[in-house]
Amino acid sequence: MDAFFTDDERAFRAEIRSAIRAMLPADLARKTRAGIHLSREDMARWNALLDANGWAAHHWPEEAGGPGWTPIQRFIFEAECAAADAPPLSVFGIYLVGPTLHAFGSHAQKARYLPPIRSGEEFWCQGYSEPEAGSDLASVRTTARRVEGGWVLNGQKAWTTEGHFADLMICLARTNREVKPQAGLSLFIVDMRAPGVVLTPVITIDGGHSVNTVFLDDVLVGDDALIGEVDQGWGYAKFLLNHERTNNAQVHRSRREFERLKAFAAAPRAGGSPVLDDPAFRRRFAVLEASLSGLEATVLRVLVDQTEGREPGPEASIVKVIGSRLQQAISELAMEVIGEDALELPEAARDEEVAGWTERHLFRRVVTIYAGANEIQKTIIARSTLGLR
Ligand SMILES: Cc1cc2nc3c(=O)[nH]c(=O)nc-3n(C[C@H](O)[C@H](O)[C@H](O)COP(=O)(O)OP(=O)(O)OC[C@H]3O[C@@H](n4cnc5c(N)ncnc54)[C@H](O)[C@@H]3O)c2cc1C
């Protein structure tokens, strides 16, 4: 990637690199390497450390409390965090809700909700999907009924990631049945501790708990919980989804995993030569390396577009499809490189490089499903860039 950067950007990278490495507690780096589902405390700790430097909301506009970095500087910052094994920041607050509230929220909502997202004191979850409304999100059946001074919400949200430790939910609900499905939706802020919010854990294939089913049973929210205009939620929701797709490329984490795996494969094995000496493995590493570099360049292009005021369009879908497939390809290769050691549980793993790979590989089935299933993204790409109907 060096060729992409100017001298100033390389100097910025050196400064960020040494600062991150000095700030990052060793126990958090170890947990990040071995784990896939970090606790709220772990994420909040790292968030607070970054916020002390003004770096937590690194991609927010300056007037919202961001550091005023260019997209390339943000890219460098995220790459350095991943390379140091820093915990990820909360996807929902920092990456999705913050930019959405900044773009469409009222003055009062920005003043109330943005500072605690930035400091890591409040966590959010995303209540979009429902049992019959995932890919077909416009079929959302959760309703918000107008009452004196606010709204009453009823319905069921599915797959709510981090709902069990979130303080607030950004919730898509139907406010109008008389118009076409997309036109009758609105976006609300729901307090996860409000009476009528009931949560059931969902355990995923890796044995972890990161997702939940959330029931909303006569949940009362105030007028000030509505984001933007009533019945305009579909537009705001799509804005958030495009941010989600670009972020879900996870290009920096993939780069870090790939480099770790390559180093592991290059190391001598007990009773044999390094895995990387095998031409078949070398070829697979080379193919992944090329795809990863291509993805990095594409993500940079999307980020540059964003600074020039263009919101990500079909590029967000392209980046999501390629990024998610790459994440799976890396963990598939890891399973083969690590071999039978992959069966060890993280806490029993003799080698830190082996810990957590199996759980990660299993959970990774999800990346082609969430943030909009890849099949749906391919249809968006076909329609918008290839003109197919
Ligand atoms: C672990 C996990 C975490 C998640 N976290 C969240 C979250 O925090 N908040 C949230 O709101 N949602 C979340 N989701 C939900 C996620 O966005 C949906 O699962 C996803 O949009 C797919 O919807 P679905 O599960 O209803 O599947 P369906 O829409 O029923 O799709 C099932 C299959 O059919 C295919 N398919 C459906 N329609 C078409 C079509 N028109 N053309 C071609 N193929 C099609 C899909 O690609 C998929 O393979 C999460 C999901 C998972 C698994």
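Position numbers for residues count from 1 along each chain, tracking the sequence in the order it is written. Owing to the predicted nature of the model, reporting of local features is limited to residues with pLDDT of at least 70; listing and counting of side-chain atom pairs is limited to 80 or more, with chain, interface and lining totals taken over all residues. Only hydrogens and water are set aside; all other atoms, that is, all heavy atoms of the structure, feed into the side-chain values.

A. Quick look at the packing of helix α1 (residues 7-23) against helix α4 (residues 71-83). Angles here are taken between N-to-C directions and fall from 0 to 180 degrees, while the axes themselves are lines fitted to C-alpha atoms, restricted in helices to the stretch in contact. Secondary structure counts use DSSP, requiring at least four H or I residues in a row for a helix and at least two E residues in a row for a strand, with both numbered from the N terminus. Relative orientation of the contacting elements α1 and α4 amounts to 35°, with a least axis distance of 9 Å. Classified by chirality, the crossing of α4 by α1 is right-handed. On α4, the residues touching Glu9, Phe12, Arg13, Ile16, Arg17, Ile20 and Arg21 of α1 are Ile72, Gln73, Ile76, Phe77, Glu80, Cys81 and Ala83. Amino acids outside the nonpolar list (Ala, Val, Leu, Ile, Met, Phe, Trp, Tyr, Cys, Pro) and the charged list (Asp, Glu, Lys, Arg) are all regarded as polar, and Gly is one of them. Class assignment for the residues of the contact of α1 with α4 results in 8 nonpolar, 1 polar and 5 charged. By the definition used in this description, the sense in which the near helix is turned from the far one sets the handedness, with an anticlockwise turn below a right angle giving left-handed and a clockwise turn giving right-handed. When checking whether two residues touch, look at their non-hydrogen atoms; a contact exists if any pair is within 4.5 Å.

B. Local environment of the pairing of strand β4 (residues 168-174). Think of it in three bands: residues with accessible area under 20% of the maximum for their type are buried, residues over 50% are exposed, and the middle band is partly exposed, with areas taken using a 1.4 Å probe on protein chains only. Within β4, 7 of the 7 residues are buried, which leaves it mostly tucked inside the rest of the structure. Across the two faces of β4 the burial is the same, with Leu168, Ile170, Leu172 and Arg174 and Met169, Cys171 and Ala173 all buried. Sheet analysis places strand β1 (residues 124-127) next to β4, joined by 4 bridges and oriented parallel. What sits directly across from tryptophan 124, in β4, is leucine 168. Of the pairings in the sheet, the one linking β4 to strand β5 (residues 185-191) comprises 7 bridges and is antiparallel in character. Whether two strands pair comes down to DSSP finding at least two bridges between them.

C. Just the site of the ligand, in detail. Taken together, 17 residues sit near the ligand, with Ser129, Ser135, Trp159, Thr161 and Glu375 positioned nearest. In protein, a polar contact means a hydrogen-donor-capable atom and an acceptor-capable atom, both N or O and within 3.5 Å, with residues adjacent in sequence counting only if both atoms are side-chain atoms; elsewhere, any N or O pair within 3.5 Å suffices. One of the side-chain nitrogen or oxygen atoms of threonine 161 is found 2.7 Å away from a nitrogen atom of the ligand. When grouped by side-chain class, the residues that make up the shell around the ligand number 10 nonpolar, 6 polar and 1 charged. Each of domain 2 (124-233) and domain 3 (248-384) contributes no fewer than three residues to the shell around the ligand. For each residue, the test is whether any non-hydrogen atom lies within 4 Å of the molecule or strand; if one does, the residue is near. What fixes the domain bounds is an automatic or database domain assignment.

D. Summary view of the state of the cysteines. A pair of sulfur atoms, both from cysteines and within 2.5 Å, is called a disulfide here. Counted by the stated rule, this structure contains 0 disulfides. Sulfur of cysteine 171: no disulfide; nearest cysteine sulfur belongs to cysteine 125 and is 8.8 Å away.

E. Broad picture of the nonpolar core. By nonpolar core we mean a set of buried residues, namely Ala, Val, Leu, Ile, Met, Phe, Trp, Tyr and Cys, connected to one another through side-chain atoms within 4.5 Å. One finds Ile20, Trp46, Leu50, Trp124, Tyr128, Leu153 and Val190 to be the most contacted residues of the largest nonpolar core, which totals 95 residues. Filtering out sequence-adjacent residues up to four positions away, tyrosine 128 remains in contact with Ala133, Leu137, Val140, Lys157, Ile170, Leu172, Leu187, Tyr236, Ala237, Leu240 and Leu241.

F. Structural context of the packing of aromatic side chains. Only Phe, Tyr and Trp rings are paired, with Trp represented by its six-membered ring, and only when their centres lie within 6.5 Å; those with planes under 30 degrees apart are stacked, over 60 edge-to-face, the remainder tilted. Counted under the stated rule, the structure contains 10 aromatic pairs. Between the aromatic rings of phenylalanine 104 and tyrosine 236, the centroid separation amounts to 4.5 Å while the plane-to-plane angle is 35°, which identifies the pairing as tilted. Within this pair, whereas phenylalanine 104 is found in helix α5 (residues 91-104), its partner tyrosine 236 is found in helix α7 (residues 233-247), the two being separated by 132 residues in sequence. Looking at phenylalanine 104, the relative accessible area reads 27%, which means it is partly exposed. Look at tyrosine 113 and tryptophan 124: their rings are 5.5 Å apart centre to centre, the planes differ by 80°, and that puts the pair in the edge-to-face class. Taken together, the positions of tyrosine 113 in helix α6 (residues 107-119) and tryptophan 124 in strand β1 put the pair 11 residues apart, joining distant regions of the chain. Note on accessibility: tyrosine 113 and tryptophan 124 belong to one class, buried.

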